[in-house]
Amino acid sequence: MTTLRMAAVAAEFGRDLEEDFQIAERLIKEAREEGVRLLALPEACLGGYLLSLDDQAELDEGPPALTLDGPEIRRLASLAGEMTVVAGYCEAAGEARYNSVVCVTGDGVLGNHRKVHQPLSEDASYSSGDRFHAFDTPVGRIGMMICYDKVFPESARALALDGAEIGVCVSAWPGSRTNAAVSLEQDRWKRRFDLFDRARALENQIVWLSANQAGTFGSLRFVGSAKVVDPGGEILADTGVAAGVAVAELDVAQALETARRSMGHLRDRRPETYDVPTGAVSA
């Protein structure tokens, strides 16, 4: 049996890039000491997220834009060393800016994803990505997405059909903007966050890591709730709404084989029946 020790982080990150790197370095060091081989840090952990998701978002200068082949990503890779580390950042590509997530080891970049689905006014700050794909890493085949991407089942399904054994979703998922609960534990957006994590793992029968921002930033109060979910949709580790690290150990290959042995959700698909009728309502 070959087990993988993996972890998802809920932590607070801001605009100070150097401070963010210090936090990331501490988290990577602590994870390494615990034998973690795959670590997921939150969306926008390098430079912080947006201050708001309303119409004022366009007044925010936003996080520092980093290039995929630049010194900051090389620094992250150096910190990762023998570990596989996933982290969110603002990606500069020519004149465009993307809300991106990168996967690195000490050998460099293994994969990069640009957020496809943009909620509320996020498109005022970022361009949109246009694809989902899985890629091979030392800890298995991984597929990545960012926050709102996981609301759409097609996102995770595309990754699973591309062979992803582990889905990693990094988020800056806040509590409800209206009728906010006093306690984040009771917040309806927190419940949705958790439901999406469990559903995406179960429907695709893959392992699922969900990292999220914690604390507050601008007008946003994040729900934390980093977790590791098995292919049956069961939560193996969860930070709750506080900052923390959810750590779990699992034989990924065995877990996938067991989950898919009798009822194989990918195997039993009938894609020829899923055509959208002409004239179907799109919104």
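Our subject is the structure that appears above.
Just so we're clear, the structure is a prediction, and the values are computed from it rather than from any experiment. (Residues numbered from 1 in each chain as written. Predicted model: local features only at pLDDT ≥ 70, side-chain atom pairs only at ≥ 80, totals over all residues. Heavy atoms only, no water.)

J.: What is the right way to read the overall build of the protein from this model?
T.: When its secondary structure is counted, the protein shows 5 helices and 15 strands. Its C-alpha atoms give the protein a radius of gyration of 18 Å, within 12% of the compact-globule value 19 Å for 283 residues. Projected onto its principal axes, the C-alpha coordinates of the protein cover approximately 50 × 50 × 40 Å. A total of 283 residues make up the protein; the buried ones form 54% of that total. Intrachain contacts of the protein at a sequence separation of at least 6 include 66% that bridge at least 24 residues. When the accessible area of the protein is evaluated, it comes to approximately 12600 Å², of which 50% is carbon and sulfur surface. Across the protein, the centroid of the 29 positively charged side chains sits 5 Å from that of the 43 negatively charged ones. (Helix = DSSP H or I, 4+ residues; strand = E, 2+ residues; numbered from the N terminus. Rg over C-alpha atoms; globule rule 2.2 N^0.38 Å. Buried < 20%, exposed > 50% of the residue type's maximum accessible area, 1.4 Å probe, protein only. Contact = heavy atoms within 4.5 Å. Areas by Shrake-Rupley, 256 points an atom, 1.4 Å probe, with all protein chains shown as cover. Lys, Arg positive; Asp, Glu negative; His and termini not counted. Charge placed at Lys NZ, Arg CZ, Asp CG, Glu CD.)

J.: Explain the packing of helix 1 (residues 17–33) against helix 2 (residues 71–80) to me, please; I cannot follow it from the model alone.
T.: When two helices pack together, you describe them by how their axes are tilted relative to each other and by the distance separating the axes. One can describe the packing of helix 1 onto helix 2 by two numbers: an axis separation of 10 Å at closest approach and a directional angle of 20°. By the angle between their directions, the pair helix 1 and helix 2 is classed as roughly parallel. Helix-helix and strand crossings are classified by hand; for helix 1 and helix 2 the assignment is right-handed. Contacts between helix 1 and helix 2 pair Leu17, Glu18, Phe21, Glu25, Ile28 and Arg32 from the former with Glu72, Arg75, Leu76, Leu79 and Ala80 from the latter. Residues that form the contact of helix 1 with helix 2 fall into these classes: 6 nonpolar, no polar and 5 charged. (Axes fitted to C-alpha atoms, helices over the stretch in contact; angles between N-to-C directions. Parallel < 35°, antiparallel > 145°, perpendicular 65-115°, else oblique. Left-handed = near helix turned anticlockwise from the far one by under 90°. Nonpolar A, V, L, I, M, F, W, Y, C, P; charged D, E, K, R; others polar.)

J.: So what exactly am I meant to see when it comes to the packing of aromatic side chains here?
T.: Think of a pair of aromatic rings as described by two things: how far the centres are apart, and how the planes are tilted against each other in angle. Under the criterion given, the structure shown has 3 aromatic pairs. Each ring, one from Tyr148 and one from Phe152, has its centre 5.1 Å from the other, and the planes form 80°; the classification is edge-to-face. Judged by relative accessible area, which is 28%, Tyr148 ranks as partly exposed. Ring pairs connect the aromatic residues Trp173, Phe193 and Phe196, which therefore count as one cluster. Of note, Arg114 hangs over the ring of Tyr98, and the distance from its end group to the ring centre comes to 4.0 Å. Over the ring of Trp173 we find Lys150; its NZ or CZ atom is 5.1 Å from the centre of that ring. (Phe/Tyr/Trp six-rings, centres within 6.5 Å; stacked < 30°, edge-to-face > 60°. Lys NZ or Arg CZ within 6 Å of the ring centre and 35° of its normal.)

J.: How should the nonpolar core be read in this particular structure?
T.: In summary, soluble globular proteins display a tendency toward joint burial of nonpolar side chains. The biggest cluster of nonpolar side chains holds 32 residues, and the ones touching the most others in it are Met6, Leu38, Ile166 and Leu209. Beyond its immediate sequence surroundings of up to four residues, Leu209 is in contact with Met6, Ala7, Leu38, Ala40, Ile166, Gly167, Val168, Cys169, Lys227 and Val228. Formed by 28 residues, the second largest nonpolar core is a distinct cluster that contains Ile23, Ile73, Leu79 and Ala80. (Core = buried A, V, L, I, M, F, W, Y, C linked by side-chain atoms within 4.5 Å.)

J.: Even after reading the chapter, I still don't get helix 5 (residues 252–260), so can you show me in this structure?
T.: Three or four residues apart is the spacing at which side chains of an α-helix point the same way, because the helix has 3.6 residues per turn. Of all the positions in helix 5, only Val252, Ala255 and Leu256 are classed as buried. For helix 5, the arc enclosing every buried residue in end-on projection is 95°, short of the 170-degree limit, so these residues lie on one face. As for helix 5, its buried residues are in contact with strand 1 (4–11), strand 9 (166–171), strand 10 (207–213) and strand 15 (244–250). Of the residues flanking the start of helix 5, the one acting as N-cap is Asp251, its side-chain oxygen 3.4 Å from the backbone nitrogen of Ala253. (Arc of directions from axis to C-beta. Polar contact = N/O pair within 3.5 Å; in protein donor to acceptor, adjacent residues only side chain to side chain.)

J.: Could you clarify how one ought to interpret the pattern of salt bridges in this entry?
T.: Any two side chains of opposite charge can pair, so long as their charged atoms come close to each other. Enumeration according to the criterion identifies 20 salt bridges in this entry. Residue Arg75 is joined to Glu18 by a salt bridge in which the shortest nitrogen-to-oxygen separation is 2.9 Å. Here Arg75, found in helix 2, pairs with Glu18, found in helix 1; they are 57 residues apart in sequence, far enough to count as distant. On the basis of relative accessibility, which here comes to 33%, the residue Arg75 falls in the partly exposed class. When its relative accessible area of 39% is taken as the criterion, Glu18 is described as partly exposed. Measuring nitrogen to oxygen at the nearest pair gives 2.9 Å for the salt bridge that ties Glu82 to Arg32. With Glu82 in the loop between helix 2 and strand 4 (84–93) and Arg32 in helix 1, this pair connects stretches of sequence that are 50 residues apart. On the accessibility criterion, Glu82 (57% relative accessible area) is exposed. (Salt bridge = Lys/Arg side-chain N within 4 Å of Asp/Glu carboxyl O.)

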